[in-house]
Amino acid sequence: MEANKKDGVKAQFTDYLQTNHRRKTPERYAILDAVYDMEKPFTMDELNTVLEEKNFHVSTATLYNTVNLLLQAQMLVRHDMGQQTLYEAVQSFGHCYQKCSICGKTVAINKKDVVPVVQNLKLRRFKKQDFSLLVFGICGSCQNKLKKNKIANKKQ
């Protein structure tokens, strides 16, 4: 992320912490930096691994508490993907994914056609802040496996 955007994100988080009478600790800012450096949705384990690689150890409680603060500050989005929870830094409006119903693989998809539809959607007495779209289906790898199994079963 660009330096000026990072400064803006840090300022936004600092304002949130001050407004809500929370401590401004180095651990919280290290987690914030790691979250905004992630280029794709991540799990808590992946976030912890990134922090460990930067030689910055934080307790599990600190990690979860800071992620909850970022969620409350609307700087982070939580995606419930069924068997797994993914998190993503809020850098733009809208999050679109495709998920394989067989293997569970989740991939971000192009959202340029979806965002204008959601932005122009008129909702009564409701202010949109963000959205998440999850499209379920079967990925190419699983389709190939199913096809091979079907052919193998016919030969028997």
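Below is a short write-up of the structure. (Residues numbered from 1 in each chain as written. Predicted model: local features only at pLDDT ≥ 70, side-chain atom pairs only at ≥ 80, totals over all residues. Heavy atoms only, no water.)

**Some words on helix α4 (residues 60-72)**
Note that an α-helix has 3.6 residues per turn; residues three or four places apart therefore point the same way. The end-to-end C-alpha distance of α4, which contains 13 residues, comes to 18 Å, matching closely the 18 Å that a straight helix rising 1.5 Å per residue would cover. Following α4 by one or two positions, Q74 adopts a phi angle in the positive range, close to 60°. (Helix = DSSP H or I, 4+ residues; strand = E, 2+ residues; numbered from the N terminus. Expected span 1.5 Å × (residues − 1).)

**Some points on the pattern of salt bridges**
Within the structure shown, the criterion is met by two salt bridges. In this structure, the salt-bridge partner of D33 is K10, at a minimum N-O distance of 3.7 Å. With D33 in helix α2 (residues 26-37) and K10 in helix α1 (residues 3-19), this residue pair connects regions lying 23 residues apart in the sequence. Look at K10 and you get partly exposed, because its relative accessible area is 30%. (Salt bridge = Lys/Arg side-chain N within 4 Å of Asp/Glu carboxyl O. Buried < 20%, exposed > 50% of the residue type's maximum accessible area, 1.4 Å probe, protein only.)

**Describing a nonpolar patch on the surface**
On the surface, I102, I138 and L146 cluster together into a nonpolar patch covering about 260 Å² of accessible area. Position of I102 among the secondary structure elements: in the loop between β3 (95-100) and β4 (106-108). I102 gets classed as partly exposed once you look at its relative accessible area, which sits at 47%. (Patch = residues over 30% accessible without salt bridge, like charges linked within 9 Å, V, L, I, M, F, W, Y side chains within 5 Å. Areas by Shrake-Rupley, 256 points an atom, 1.4 Å probe, with all protein chains shown as cover.)

**Observations regarding the packing of α2 against helix α3 (residues 44-53)**
Running from amino to carboxyl end, α2 crosses α3 at an angle of 110°, the nearest separation of the two axes being 10 Å. The orientation of α2 relative to α3 falls into the category roughly perpendicular. Every pair of crossing elements has a handedness; the one defined by α2 and α3 is right-handed. Two secondary-structure elements touch here, α2 through A30, I31, A34 and V35 and α3 through L47, V50 and L51. For the contact of α2 with α3, the residue count by class is seven nonpolar, no polar and no charged. (Axes fitted to C-alpha atoms, helices over the stretch in contact; angles between N-to-C directions. Parallel < 35°, antiparallel > 145°, perpendicular 65-115°, else oblique. Left-handed = near helix turned anticlockwise from the far one by under 90°. Contact = heavy atoms within 4.5 Å. Nonpolar A, V, L, I, M, F, W, Y, C, P; charged D, E, K, R; others polar.)

**Describing α3**
Taken residue by residue, α3 has M44, L47, V50 and L51 as its buried positions. Down the axis of α3, the buried side of the element spans an arc of 120°, and every buried residue falls inside it. Projecting away from the buried face of α3 at angles above 90 degrees are the exposed residues D45 and E53. The inward-facing, buried residues of α3 abut α2, α4 and β2 (85-89). N55, located one to two residues past α3, shows a positive phi value of around 55°. (Arc of directions from axis to C-beta.)

**Considerations on the packing of α3 against α4**
Axis separation between α3 and α4 bottoms out at 11 Å; the angle between their running directions is 115°. The angle between α3 and α4 places the two elements in the roughly perpendicular class. As for the relative orientation of α3 and α4, their crossing is right-handed in sense. On α4, the residues that touch M44, L47, N48 and L51 of α3 are L63, Y64 and V67. Each residue belonging to the contact of α3 with α4 can be placed in one class, and the counts come to six nonpolar, one polar and no charged.

Limitation: the analysis is restricted to geometry and does not speak to function.
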